[in-house]
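# A structural walkthrough
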Amino acid sequence: MPVPSSPRVAALVTLLTLVSAGLSGCSPEQPDVPKGKPSGAAGTAEAKPPAPKPVGAPGDILVGGRPVTGSVPSGNAKFPFRRTYTDGELYAPVTGYRSLAFGATQLENLLQKDLDAGKDVATTIDPVVQRTAFDALRSRTGAAAALDARTGEILALVSTPSYDPNSFSGYATSDEKAWKQLNADAGKPLYNRAIRDLHNPGSAAHIIVAAAALERGLLASVDAPTRSPAVHTVPDSSVQFSGDPAHCTDASLREALRYDCQNVFARLAIDLGAETLAATAESFGFNAGQMDTPARVFESKWPRQPGNAAQLALTANGLFDTTATPIQMAIVMAAIGNDGNWTSPRMVTDPKTPAPSRRAVSQHTAEQLRLAVDGSANAWVPSASATWAMAHTKAPGGRPVAVAVFISSGTDATREAAQIAERVVEAAKR
């Protein structure tokens, strides 16, 4: 039973690669007050001076030092202010929404106590990086995450299609209509794909297997031959994993990562064993349980005990029960780009409980992997209708930046995903 190699486009670029608090009821009328700047309007939040904040209004959420939220009188004595949003679609995965009728999510909910006390909340989001990622993904169903690999600061968090929280922030009939339309939308615009969408990473997971092989001394370097036939038959099984014979026969890790050699990683998985692979994946953040940014990140999973050798080989190729969020794959690249260390992602500048740095792999292993993926690290996973692109760069001042892009795609979109990742990286380097 052959398992075909995923098609791959090698884009040679300088890359290394809802918690709701409900308020019931909607009334047909409410005071005629402005709904804020339309989502997707030209320009960015930082281009316009903020309006004066009404006395007694909640604090605002800041991006690049400027508010992307606001408040206007609601005409309701119990809830005197209604939220407005600047570039609502652009920043919805960060701010979430606050609605008089439908509660609050994301930062609007999790930091509501501080906001209601009049305190502003400064985020780590870089408005240029965020805008670049959003514009690049706007016509697609997908997500992107960009991290400062050293501090864990989230520079961009994009989920498309998105939504405009202005459209239902009140309690009028129009708000109820917009809410119902968004919930009925098959594209699930209210769903934050960047931190909650779980898909098979496919060959994007190969870098974890390569890390395990180097850490355990199975291979001395990324240029050592792997003794792999072009077609690897899993022991005691008829399942086969293949690779391009011209590049994947006895390929080194450098070649195997570049040419998506499933045969190599299936064989390495058998040699390493399930426990070693799972332990390495967990050092990168898989199976971590709770991870808060403060918004909750869904757990990315790496099977600890596959039922047989075939399932183990599938796991090593990012299939079977291996699943990851876009931000998890950004963490993987962050560790490789930051000498083997990574810090839990965060999107507020003053977290109540700062996360310590964690070591995923040794500095030597990280250096080797940076050498091996000096190009694109992309994957199309047909069985999951998913395309991935991961990248790494050095921003001014030597700041390491990691990027992961996910596109929901029934066809190979690796070239497009790699181009998006490159655009985000260039925005971070400005």
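Higher on the page you've got the structure.
Bear in mind the structure is a predicted one, so any value in this text is a computation, not a measurement.

### Overview of the sheet that holds strand E15 (residues 377-381)
One open sheet accounts for 5 strands, arranged E10-E9-E17-E16-E15; its pairing is antiparallel. Two strands lie at the open edges of the sheet, namely strand E10 (154-160) and E15, each paired on one side alone. Taking each pair of neighbouring strands and ignoring which way they run, the sheet shows an average axis angle of 10°.

### Considering the packing of helix H7 (residues 206-215) against helix H10 (residues 262-272)
One can describe the packing of H7 onto H10 by two numbers: an axis separation of 10 Å at closest approach and a directional angle of 45°. Considered as vectors, H7 and H10 are oriented oblique to each other. Helix-helix and strand crossings are classified by hand; for H7 and H10 the assignment is left-handed. Of the residues in H10, those in contact with His 206, Val 209, Ala 210, Ala 212 and Ala 213 of H7 are Gln 262, Phe 265, Leu 268 and Leu 272. Across the contact of H7 with H10, the residue classes break down as 7 nonpolar, 2 polar and no charged.

### Observations regarding the pattern of salt bridges
The full count for this structure, using the stated rule, is 21 salt bridges. A salt bridge links Asp 135 to Arg 138, with the shortest nitrogen-to-oxygen separation between them at 3.1 Å. Among the residues examined, Arg 138 registers a relative accessible area of 38% and is labelled partly exposed. As a salt-bridge pair, Arg 296 and Asp 292 come within 2.3 Å of each other at their nearest N and O atoms. Looking at Arg 296, the relative accessible area reads 36%, which means it is partly exposed. Several salt bridges converge on common partners, so that one network encompasses Asp 60, Arg 83, Arg 98, Glu 108 and Asp 116.

### Quick word on the packing of aromatic side chains
Applying the stated criterion to the full structure yields 9 aromatic pairs. These aromatic residues form a ring-pair network of at least three members: Tyr 97, Phe 102, Tyr 163, Phe 168 and Trp 179.

### Here we look at the packing of helix H13 (residues 326-337) against helix H14 (residues 363-372)
Remark: H13 packs on H14, axes separated minimally by 8 Å, with the N-to-C direction vectors making an angle of 110°. It follows that H13 is roughly perpendicular to H14 by the angle criterion. In contact with Ala 335, Ile 336 and Gly 337 of H13, H14 contributes Ala 366, Leu 369 and Arg 370. Grouping the constituent residues of the contact of H13 with H14 by class yields 4 nonpolar, 1 polar and 1 charged.

### Comments concerning helix H5 (residues 173-184)
Between its first and last C-alpha, H5 extends 17 Å over 12 residues, near the 16 Å set by a 1.5 Å rise per residue. Within the sequence span of H5, burial applies to Asp 175, Ala 178, Trp 179 and Leu 182. Buried residues in H5, looked at end-on, bunch into an arc of 100°, giving them a common side. Pointing more than 90 degrees away from the buried face of H5 are the exposed residues Lys 177, Lys 180, Gln 181 and Ala 184.

### So, the environment of Ala 281
As for its position among the elements, Ala 281 is in helix H11 (residues 274-283). When near neighbours in sequence (up to four residues on either side) are disregarded, Ala 281 contacts Ile 208, Phe 286 and Trp 302.

### Some remarks on the state of the cysteines
Scanning all chains against the criterion turns up 1 disulfide. In this model, Cys 248 is linked to Cys 261 through a disulfide, with the two sulfur atoms separated by 2.0 Å. With the S-S bond torsion at -75°, the cross-link from Cys 248 to Cys 261 turns out left-handed. Within this pair, whereas Cys 248 is found in helix H8 (residues 245-248), its partner Cys 261 is found in the loop between helix H9 (253-259) and H10, the two being separated by 13 residues in sequence.

### As for the pairing of strand E4 (residues 69-73)
Burial within E4 is extensive, with 4 of its 5 residues counted as buried. As paired elements, E4 and strand E5 (residues 81-85) share 5 bridges and run antiparallel to each other. What sits directly across from Ser 71, in E5, is Arg 83.

### Quick look at H11
Those residues of H11 that fall on the buried side of the exposure criterion are Thr 276, Leu 277, Ala 278, Thr 280, Ala 281 and Ser 283. As for H11, its buried residues are in contact with H7, H10, helix H12 (309-316), strand E13 (341-343) and strand E14 (357-359). Trailing H11 by a residue or two, Gly 285 shows a phi angle of about 115°, which is positive.

### Some words on the side chain of Gln 328
Looking at the secondary structure, you find Gln 328 in helix H13. Within the structure, the side chain of Gln 328 is placed 2.9 Å from the backbone oxygen of Phe 284, a separation counted as a polar contact.

### Quick word on the sheet that holds strand E8 (residues 121-122)
Across the sheet, 3 strands lie side by side as E3-E2-E8; this open sheet has mixed pairing. Each end of this open sheet is capped by a strand with a single partner; those strands are strand E3 (66-67) and E8. Pairing between strand E2 (residues 61-63) and E3: 2 bridges, direction antiparallel. Bridge pairing in E3 links Leu 62 to Pro 67.

### Some details on unusual backbone geometry
Between Thr 160 and Pro 161 the backbone carries a cis peptide bond, its omega angle lying at 0°. Mapped onto the elements, Pro 161 comes out in the loop between E10 and H5. The peptide bond linking Thr 293 to Pro 294 adopts the cis configuration, its omega dihedral lying at 20°. Positionally, Pro 294 belongs in the loop between H11 and H12. Here Gln 106, not a glycine, exhibits a phi torsion of approximately 55°, which is positive.

About the criteria used
Residues numbered from 1 in each chain as written. Predicted model: local features only at pLDDT ≥ 70, side-chain atom pairs only at ≥ 80, totals over all residues. Heavy atoms only, no water. Pairing = 2+ DSSP bridges. Helix = DSSP H or I, 4+ residues; strand = E, 2+ residues; numbered from the N terminus. Axes fitted to C-alpha atoms, helices over the stretch in contact; angles between N-to-C directions. Parallel < 35°, antiparallel > 145°, perpendicular 65-115°, else oblique. Left-handed = near helix turned anticlockwise from the far one by under 90°. Contact = heavy atoms within 4.5 Å. Nonpolar A, V, L, I, M, F, W, Y, C, P; charged D, E, K, R; others polar. Salt bridge = Lys/Arg side-chain N within 4 Å of Asp/Glu carboxyl O. Buried < 20%, exposed > 50% of the residue type's maximum accessible area, 1.4 Å probe, protein only. Phe/Tyr/Trp six-rings, centres within 6.5 Å; stacked < 30°, edge-to-face > 60°. Expected span 1.5 Å × (residues − 1). Arc of directions from axis to C-beta. Disulfide = S-S within 2.5 Å. Polar contact = N/O pair within 3.5 Å; in protein donor to acceptor, adjacent residues only side chain to side chain.

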